[in-house]
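Here are the chains, one letter per residue:
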Amino acid sequence: MAVVGVLALQGSYNEHMAALRRIGVRGVEVRKPEQLLGVDSLIIPGGESTTMAKLANYHNLFPALREFVGGGKPVWGTCAGLIFLANKAVGQKTGGQELVGGLDCTVHRNFFGSQLQSFETELSVPKLSEKEGGNNTCRGVFIRAPAILEVGPDVEILADCPVPADRPSITISFGEGTEEEVYSKDRVIVAVRQGNILATAFHPELTSDSRWHRFFLDMDKESQAKAFSALSISSSSRDTENLPKNKPLDLPIFE
Ligand SMILES: NC(=O)CC[C@H](N)C(=O)O
């Protein structure tokens, strides 16, 4: 069975571990770069992205995280984890923070306001229910939550939500020397998938609905199946004449 890692530097990693346990999967806490070698997929939890980035830097995790994402292993970022995975973040503290990147989007770090403007809402999630069953909505728990402002062409939108009316208007500065822009759309993106990257601005691990965890595990299974079929194609086309007849083959085979 695939081993699911949970980045355990800060934030809601215990809750993700518990959510995995509820569906019979044992997660592995990841704190060091070398531990990423032993996991097949990774959850980056919510928390506080600046603090998490400082801790990731301290443990020299960024290069290994980038390699993991770049290598196509399934990764799911929730909330601060989504910020980590974005190629671009706005609304950051002065000096910004290091990002892992990989997800072709622009994220606003505290789009929905301060801690006090945290909220819960029902989200329409047709693609999740199509795959994992259940009804067409899920509970979205937003805690000082980010939102996705823009996505690239390869990013599939899994959920969006109305911008709360009481939210103060925000001005987005797209970096030095570029125009500032007031966010004027009335809906904003809160869940996406790009290949093996899943990202949610909210916290499914804080609800009893396991479908997002199952959805991620299914991505993991699909990617394992692909890797396995690629492996069997290459091994079936290989000249097996000279292999010792009774030596059992270990899988996976790296040559
Ligand atoms: N619940 C969360 O993960 C909040 C993330 C927070 N907005 C940040 O910048 O890190």
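Conventions used here
- Residues numbered from 1 in each chain as written.
- Predicted model: local features only at pLDDT ≥ 70, side-chain atom pairs only at ≥ 80, totals over all residues.
- Heavy atoms only, no water.
- Helix = DSSP H or I, 4+ residues; strand = E, 2+ residues; numbered from the N terminus.
- Buried < 20%, exposed > 50% of the residue type's maximum accessible area, 1.4 Å probe, protein only.
- Near = heavy atom within 4 Å.
- Polar contact = N/O pair within 3.5 Å; in protein donor to acceptor, adjacent residues only side chain to side chain.
- Areas by Shrake-Rupley, 256 points an atom, 1.4 Å probe, with all protein chains shown as cover.
- UniProt positions renumbered as here; feature names shortened; annotations may be inferred.
- Contact = heavy atoms within 4.5 Å.
- Salt bridge = Lys/Arg side-chain N within 4 Å of Asp/Glu carboxyl O.
- Arc of directions from axis to C-beta.
- Pairing = 2+ DSSP bridges.
- Core = buried A, V, L, I, M, F, W, Y, C linked by side-chain atoms within 4.5 Å.

1. Details of unusual backbone geometry
Thought 1: One non-glycine residue with positive phi stands out, namely Cys 79, at about 55°.
Thought 2: As for its position among the elements, Cys 79 is in the loop between strand E4 (75-78) and helix H4 (80-85).
Thought 3: Within the chain, Arg 144 stands out as a residue other than glycine whose phi angle is a positive 35°.
Thought 4: Structurally, Arg 144 can be placed in the loop between strand E8 (137-142) and strand E9 (147-151).
Thought 5: Residue class for Arg 144 comes out partly exposed when judged on its relative accessible area of 26%.

2. Examining the site of the ligand
Thought 1: For the ligand, the full set of nearby residues is Gly 46, Gly 47, Glu 48, Ser 49, Cys 79, Ala 80, Ile 83, Arg 109, Asn 110, Ile 143, Arg 144 and His 203.
Thought 2: A distance of 2.5 Å separates an oxygen atom of the ligand from a polar backbone atom of Ser 49.
Thought 3: Arg 109 is positioned with one of its side-chain polar atoms (N or O) 2.5 Å from an oxygen atom of the ligand.
Thought 4: When the ligand is considered free in solution it has 300 Å² of accessible area, and contact with the protein chains removes 97% of it.

3. Things to note about the UniProt feature "binding site: L-glutamine" (unreviewed entry) in the chain
Thought 1: The feature "binding site: L-glutamine" (unreviewed entry), as given by UniProt, occupies Gly 47, Glu 48, Ser 49, Arg 109, Ile 143 and Arg 144 in the numbering adopted here. The greatest C-alpha distance among the residues just named is 12.6 Å, despite their covering 98 residues of sequence, which places them together in space.
Thought 2: Within the secondary structure, Ile 143 is located in the loop between E8 and E9.
Thought 3: Other than its neighbours up to four places away in sequence, Ile 143 contacts Cys 79, Gln 115, Ser 118, His 203 and Leu 206.
Thought 4: Apart from residues no more than four positions distant in its own chain, Arg 144 is found in contact with Glu 48, Arg 109, Asn 110, Gly 113, Ser 114, Gln 115 and Ser 118.
Thought 5: For Arg 144, the side chain forms a polar contact with the side chain of Glu 48, separated by 3.4 Å.

4. Considerations on the pattern of salt bridges
Thought 1: In the structure shown here, the tally under the stated rule is 12 salt bridges.
Thought 2: Of the charged contacts, one joins Glu 48 and Arg 109 as a salt bridge, the two residues approaching to 2.5 Å between their closest N and O atoms. Of this pair, Glu 48 sits in the loop between strand E3 (41-44) and helix H2 (49-58) while Arg 109 sits in the loop between strand E6 (103-108) and strand E7 (119-124); the two residues are 61 residues apart in sequence, bridging distant segments of the chain.
Thought 3: With a shortest N-O distance of 3.6 Å, Lys 221 and Asp 218 are connected by a salt bridge. Of this pair, Lys 221 and Asp 218 both sit in helix H6 (residues 211-236), 3 residues apart, which is roughly one turn of that helix.
Thought 4: By relative accessible area, Asp 218 is classed as buried at 19%.
Thought 5: If you follow the salt bridges from partner to partner, you end up with Glu 48, Arg 109 and Arg 144 in one network.

5. Here's the deal with the UniProt feature "active site" (unreviewed entry) in the chain
Thought 1: Feature annotation in UniProt assigns "active site" (unreviewed entry) to the following positions: Cys 79, His 203 and Glu 205. In summary, the annotated positions, though distributed over 127 residues, converge in three dimensions, the widest C-alpha pair being only 11.0 Å.
Thought 2: Mapped onto the elements of the fold, His 203 is located in the loop between strand E14 (197-200) and H6.
Thought 3: The residues contacting His 203, other than those within four sequence positions of it, are Ser 12, Gly 46, Cys 79, Val 141 and Ile 143.

6. Some thoughts on helix H3 (residues 62-70)
Thought 1: Looking at H3, one finds that the buried residues are Phe 62, Ala 64, Leu 65, Phe 68 and Val 69. On an axial view of H3, the arc spanned by its buried residues comes to 165°, and they lie on one face. Facing away from the buried side of H3, by more than 90 degrees, are the exposed residues Glu 67 and Gly 70.
Thought 2: Structurally, H3 contributes buried residues whose contacts are with E3, H2, E4, H4 and E14.
Thought 3: Just past H3, the residue Gly 72 takes up positive phi, approximately 85°.

7. Here's the deal with the pairing of E3
Thought 1: Judged by which residues are buried, E3 turns out to be covered on both faces: Ser 41 and Ile 43 on one side and Leu 42 and Ile 44 on the other are all buried.
Thought 2: Here strand E1 (residues 4-7) pairs with E3 via 3 bridges, running parallel. Opposite Val 4, over in E3, you have Ser 41 as the bridge partner.

8. What to know about the environment of Asn 135
Thought 1: Along the chain, the position of Asn 135 falls in the loop between helix H5 (126-132) and E8.
Thought 2: Along the chain, Asn 135 and Gly 72 lie 63 residues apart, while their C-alpha atoms are 30 Å from each other.
Thought 3: In this structure Asn 135 touches Ser 129 and Arg 211, once residues within four positions along its chain are discounted.

9. What to know about the nonpolar core
Note on soluble globular proteins: their nonpolar side chains tend to be buried together.
Thought 1: One finds Val 188, Val 190 and Trp 212 to be the most contacted residues of the largest nonpolar core, which totals 74 residues.
Thought 2: Once residues within four sequence positions are removed from consideration, Val 190 is found in contact with Phe 112, Leu 123, Phe 142, Ala 159, Asp 160, Cys 161, Ala 199, Thr 200, Ala 201 and Phe 202.

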